[in-house]
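These are the residues of each chain, in order.
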Amino acid sequence: MSAAPLGPGRARRIALAAQGFGRPRPRRPDVRHLRATVRRLGLLQLDFVNVLIPAHFLVLFSRLGPYSRRRLHQLVYRDGEFIEQWAHEASIVPMDCWPLLAYRRETHRPRPRGFEKFLERHPAYVEEALEQVRRQGPLTADDLPAAPTGIQRIGDRWGWSMGVKRQVLEAHFGRGLLAVSDRLANFARVYDLAQRVIDPAHYRRRADPREARLELLQRAARSHGLGTAADLADYFRMPVGEARPLLEQLAGEGRLHRVRVRGWREPAFLHPRADDPGRVEAAALLSPFDPLLWHRPRVERLFGFDYRLEIFVPARKRRWGYYVLPFLLGERLVARVDLKADRAGSQLRVMAAYLEREVEGGRVAGPLLRELRTLAGWLGLDNVAIEQRGDLAARLTRAP
């Protein structure tokens with residue numbers, strides 16, 4: 001590739017195309033589109049905040065439009081092509097990621113902080129939980145006997161807590177002894193022995209830890225299109241100091257290209273198959289947990305967009321709202337909307353709508369309202385209700 005730096009517009013288009021926004025949505029998304037999109041992204045981060053819809057469902061909607069969530073469940077938990085693993089955070093990944101993430105399982109630390117002490121103090125209970133799965137087959141945390149010493153929940157200083165029974169199973173999952181074989185209607189995990197869930201060829205494969213990291217970084221580059229060392233390391237939660245020499249090795253071997261992007265302080269690494277479509281015509285609401293948004297410094301570099309999820313910010317200190325989604329129009333993030341699914345009232349409520357600086361509201365309101373109506377229909381809600389908060393709300397109300 002030429003030593004001339006890439007322009008920011010080209011870098012942005014490459015990034016959007018790599019994430020699946022470089023082509024029109026299919027008219028009728030089916031399992032082929034679901035499979036291809038998850039593989040293109042490399043992983044789906046699981047998050048079950050249900051203000052709107054669990055985030056991983058929305059990630060696919062952003063790229064495909066209305067699709068069958070039942071079919072996605074079958075693809076992940078029945079067809080044997082994908083599994084849940086700790087990857088970025090808890091994620092859905094292709095089955096062949098299992099051996100690549102072995103080094104993560106070997107060093108997994110249970111959550112919340114300090115839970116290791118519980119595991120050390122009650123080894124018989126911890127082992128009995130595993131033995132019960134071995135004897136009875138797939139089970140949920142509710143199927144386990146009560147935890148010892150009367151402790152039912154454990155938390156950390158952030159107030160995060162989880163039932164002890166579930167957390168013991170989570171510890172076995174994190175270490176690779178258990179795998180998730182299903183999700184119930186309430187999203188509860190069903191656990192089974194890993195060797196009964198993971199494809200035998202992948203379960204038996206032992207990947208060299210260095211080669212595994214190289215492969216994960218190359219997958220991150222494919223899914224990002226291009227990124228700095230910090231961008232790519234974040235994709236699979238790898239320490240950036242560990243990632244830098246590996247990325248240089250990949251560049252030296254021609255498996256990635258080292259490039260410069262105008263305006264970026266650090267060099268970037270470009271995947272050999274990254275594509276610049278020349279034009280991006282997307283119109284999509286993005287989940288706060290969308291992989292396009294994971295690494296906030298990259299979002300700032302690519303889009304000039306300062307984004308922060310304010311769920312954990314006290315209400316009086318929030319600038320934009322509780323569950324705010326950026327709106328991608330063309331190749332720019334042009335607005336942000338605070339959304340809530342009012343299931344009792346069958347409404348998609350727009351709590352607030354804000355326009356980004358130097359963006360013309362008349363150009364945004366119509367496409368955004370159409371996307372909101374499409375989203376509402378997919379969620380089974382009858383209408384979109386717009387509250388008059390934010391500088392885009394009035395235009396959105398008047399849009400046809």
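Residues numbered from 1 in each chain as written. Predicted model: local features only at pLDDT ≥ 70, side-chain atom pairs only at ≥ 80, totals over all residues. Heavy atoms only, no water.

Colleague: Teacher, can you tell me more about the overall build of the protein chain here?
Modeller: Each helix and strand in the protein chain was counted, giving 16 helices and 15 strands. For the protein chain, the spread of C-alpha atoms along the three principal axes comes to 65 × 55 × 40 Å. Counting every position in the protein chain, which comprises 400 residues, the buried fraction comes to 56%. In the protein chain, of all internal contacts separated by at least 6 residues, the share reaching a separation of at least 24 is 63%. Just so you have it, the protein chain exposes about 18500 Å², and 48% of that area is on carbon and sulfur atoms. Averaging the locations of the 69 positively and 46 negatively charged side chains of the protein chain gives two centres separated by 3 Å. (Helix = DSSP H or I, 4+ residues; strand = E, 2+ residues; numbered from the N terminus. Buried < 20%, exposed > 50% of the residue type's maximum accessible area, 1.4 Å probe, protein only. Contact = heavy atoms within 4.5 Å. Areas by Shrake-Rupley, 256 points an atom, 1.4 Å probe, with all protein chains shown as cover. Lys, Arg positive; Asp, Glu negative; His and termini not counted. Charge placed at Lys NZ, Arg CZ, Asp CG, Glu CD.)

Colleague: So what exactly am I meant to see when it comes to the layout of surface pockets here?
Modeller: Looking at the second largest pocket, its volume works out to about 500 Å³. Along the walls of the second largest pocket sit 20 residues, with Gly304, Phe305, Asp306, Arg336 and Glu356 positioned nearest its centre. Contributions of two or more residues to the lining of the second largest pocket are made by α14 (296-303) and β13 (332-342). Its residues placed into classes, the lining of the second largest pocket shows eight nonpolar, one polar and 11 charged. (1 Å grid on protein atoms, 1.4 Å probe; cavity = no way out; pocket = protein on both sides within 12 Å on 5 of 7 lines; lining within 4 Å. Points joined across faces, edges and corners; volume = space filled by probe spheres on them. Nonpolar A, V, L, I, M, F, W, Y, C, P; charged D, E, K, R; others polar.)

Colleague: Mind showing me how you'd approach the environment of Val359 here?
Modeller: When you line up the elements, Val359 lands in the loop between β14 (347-355) and α15 (361-378). Take Val359: its relative accessible area is 17%, and that puts it in the buried class. Beyond its immediate sequence surroundings of up to four residues, Val359 is in contact with Val334 and Val364.

Colleague: Help me out: how do you make sense of the side chain of His295 in this one?
Modeller: With respect to the helices, strands and loops of the structure, His295 is situated in the loop between β11 (282-285) and α14. Once residues lying within four places of it in the same chain are set aside, the contact partners of His295 are Ala230, Asp231, Asp234 and Arg301.

Colleague: Which parts of the structure should I look at to understand helix α11 (residues 209-224)?
Modeller: Within an α-helix, residues lying three or four positions from one another point in the same direction, as the helix has 3.6 residues per turn. Between its first and last C-alpha atoms α11 spans 22 Å; for 16 residues at 1.5 Å apiece the expected length is 22 Å, and the two agree. Taken as a whole, α11 has its buried residues at Ala212, Arg213, Leu214, Leu216, Leu217, Gln218, Arg219, Ala220, Ala221, Ser223 and His224. Where α11 begins, the capping side chain belongs to Asp208, and its oxygen is found 3.1 Å from the backbone nitrogen of Arg210. Looking one or two residues beyond α11, the residue adopting positive phi is Gly225, at roughly 85 degrees. (Expected span 1.5 Å × (residues − 1). Polar contact = N/O pair within 3.5 Å; in protein donor to acceptor, adjacent residues only side chain to side chain.)

Colleague: So what exactly am I meant to see when it comes to the packing of aromatic side chains here?
Modeller: Aromatic ring pairs are described here by two measures, namely the spacing of the ring centres and the angle between the planes. Enumeration over the complete set of coordinates arrives at nine aromatic pairs. An aromatic cluster is defined as three or more aromatic residues linked by ring pairs; in this entry it consists of Phe48, Phe57 and Phe187. Seen from the ring of Phe61, Arg25 lies directly overhead, with NZ or CZ sitting 5.3 Å from the centre. Above the ring of Phe173, the side-chain terminus of Arg189 is found at 4.4 Å from the ring centroid. (Phe/Tyr/Trp six-rings, centres within 6.5 Å; stacked < 30°, edge-to-face > 60°. Lys NZ or Arg CZ within 6 Å of the ring centre and 35° of its normal.)

Colleague: When you look at the sheet that holds strand β3 (residues 90-94) in this model, what are you seeing that I'm missing?
Modeller: Remark on secondary structure: sheet strands pair via backbone hydrogen bonds, oriented parallel or antiparallel. Spatially, the three strands line up as an open sheet ordered β1-β3-β2, and their pairing is antiparallel. Edge positions in the sheet fall to β1 (44-45) and β2 (82-86), since each of these pairs with one other strand and no more. Two elements, β2 and β3, share five bridges in a ladder whose sense is antiparallel. Of the residues in β3, the one forming a bridge with Trp86 is Ala90. (Pairing = 2+ DSSP bridges.)

Colleague: Please clarify how α15 should be interpreted in this entry.
Modeller: End to end, α15 covers 25 Å across 18 residues, agreeing with the expected 26 Å (1.5 Å per residue, within 8%). Those residues of α15 not exposed but buried are Gly361, Val364, Ala365, Gly366, Pro367, Leu368, Leu369, Glu371, Leu372, Leu375, Ala376 and Trp378. You can read the cap of α15 off the contacts: a side-chain oxygen lies 2.9 Å from the backbone nitrogen of Gly362, and it is on Glu360. Of the residues trailing α15, Gly380 is marked for its positive phi of about 80 degrees.

Colleague: Even after reading the chapter, I still don't get the pairing of strand β7 (residues 189-193), so can you show me in this structure?
Modeller: Both faces of the sheet carry side chains from a regular strand, because those side chains alternate between them. With respect to burial, β7 is a largely interior element, five of its five residues being buried. Taken together, the five bridges between strand β6 (residues 178-183) and β7 define a ladder with antiparallel strand orientation. Its bridge partner lying in β7, Ala179 is registered against Asp192. Between β6 and β7, which pair antiparallel one after the other, the connecting turn spans five residues, and Phe187 there sits at a positive phi close to 75 degrees.

Colleague: Teacher, can you tell me more about the packing of helix α7 (residues 123-136) against helix α8 (residues 164-174) here?
Modeller: When two helices pack together, their arrangement is captured by the angle between the axes and the distance separating the axes. Contact pair α7 / α8: the axes reach a minimum separation of 10 Å and the direction vectors enclose 75 degrees. The pairing of α7 with α8 is recorded here as roughly perpendicular in orientation. In this structure, α7 contributes Tyr125, Val126, Ala129, Leu130 and Val133 to the contact, and α8 contributes Lys165, Val168, Leu169 and His172. Grouping the constituent residues of the contact of α7 with α8 by class yields seven nonpolar, one polar and one charged. (Axes fitted to C-alpha atoms, helices over the stretch in contact; angles between N-to-C directions. Parallel < 35°, antiparallel > 145°, perpendicular 65-115°, else oblique.)

Colleague: What exactly am I supposed to notice about the packing of helix α1 (residues 8-18) against α14 here?
Modeller: At a minimum axis distance of 9 Å, the contact between α1 and α14 shows a crossing angle of 125 degrees. In this view, α1 runs oblique relative to α14, as classed from their interaxial angle. Between α1 and α14, the contacting residues are Ala11, Arg12, Ala15 and Leu16 on the first element and Arg298, Leu302 and Phe303 on the second.

Colleague: Where do I start with the sheet that holds strand β10 (residues 268-270) in this structure?
Modeller: Strand order across the open sheet formed by three strands is β8-β10-β9, with antiparallel pairing between neighbours. Of all the strands in the sheet, just β8 (226-227) and β9 (257-259) have a single pairing partner and so form its edges. Here β9 pairs with β10 via three bridges, running antiparallel. When the bridges of β10 are listed, Val259 appears paired with Ala268.

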